[in-house]
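# Report on the structure
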Amino acid sequence: KRNTPLITHAGPHKTATTTLQTLLEVNRHLMLKTTGLTYMGKFTKFHENACPEDVPFCLDHDFIDGSTPGNVAKFEFEMRKHLGGGGVVLSGEGFSKIMSRKHTNVLPGHRKDLSLASLRDMQGCFDMTVVLAYRRYFEWIVSPYNSLQK
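The rules behind the values
- Residues numbered from 1 in each chain as written.
- Predicted model: local features only at pLDDT ≥ 70, side-chain atom pairs only at ≥ 80, totals over all residues.
- Heavy atoms only, no water.
- Core = buried A, V, L, I, M, F, W, Y, C linked by side-chain atoms within 4.5 Å.
- Buried < 20%, exposed > 50% of the residue type's maximum accessible area, 1.4 Å probe, protein only.
- Helix = DSSP H or I, 4+ residues; strand = E, 2+ residues; numbered from the N terminus.
- Polar contact = N/O pair within 3.5 Å; in protein donor to acceptor, adjacent residues only side chain to side chain.
- Contact = heavy atoms within 4.5 Å.
- Phe/Tyr/Trp six-rings, centres within 6.5 Å; stacked < 30°, edge-to-face > 60°.

Looking now at the nonpolar core. In this structure, L6, L59, F63, F75, M79, L90 and F95 are the most contacted members of the largest nonpolar core, which totals 17 residues. At the level of secondary structure, the elements contributing two or more residues to this core comprise strand 1 (4–10), helix 3 (61–65), helix 4 (69–81), strand 3 (88–92) and helix 5 (114–121). Counting eight residues, the second largest nonpolar core, distinct from the first, contains L37, Y39, F43 and C58.

We now examine the side chain of T4. Note on placement: T4 falls in strand 1. Among the polar contacts made by the side chain of T4, one reaches the main-chain amide nitrogen of G84 at a distance of 2.5 Å. When neighbours within four sequence positions are excluded, T4 is seen to be in contact with H82, L83, G84, G85, G86, G87, C125, F126 and D127.

Given two aromatic rings, their pairing is described by the distance between the two centres and the angle made by the two planes. Applying the stated criterion across every chain, the model contains one aromatic pair. Residues F57 and F75 carry aromatic rings whose centres are separated by 5.4 Å and whose planes lie at 50° to one another, so their mutual orientation is tilted. Residue F57 is located in the loop between strand 2 (38–39) and helix 3, and its partner F75 is located in helix 4; the two are separated by 18 residues in the primary sequence. F75 shares its class with F57; the two are buried.

Read these as spatial facts, not as claims about activity.
In structure tokens:
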């Protein structure tokens, strides 16, 4: 028996992450209807840190970079609702961090990363697919430079 799918997009900066998140956001109803997947990633269209009413949980920089036990509990509660269902798509630049399996720290001495630890703990419940964005270094380095020049 297969577990519920969980697709996590980990997009480092300047790899079209916002473009992909906007596509997922705008087409979330079609994706749910045709594939059964619910998008609970970062919402780029809503700049007031408010989720659309039809979305149970939205990722934002605060959740990924400064997760608290309270917002992680809410995230896990919403994720459990999808078990046995159509699945979930998450997207966030913060998922591209490197994490120690033993300590779930980004670097020794830093605060435990609760959001990444929570995802790691869900491995047994979901069929996880991690999608990594990549951009050739010489293209990537030009992108921030061009952004600064605008």
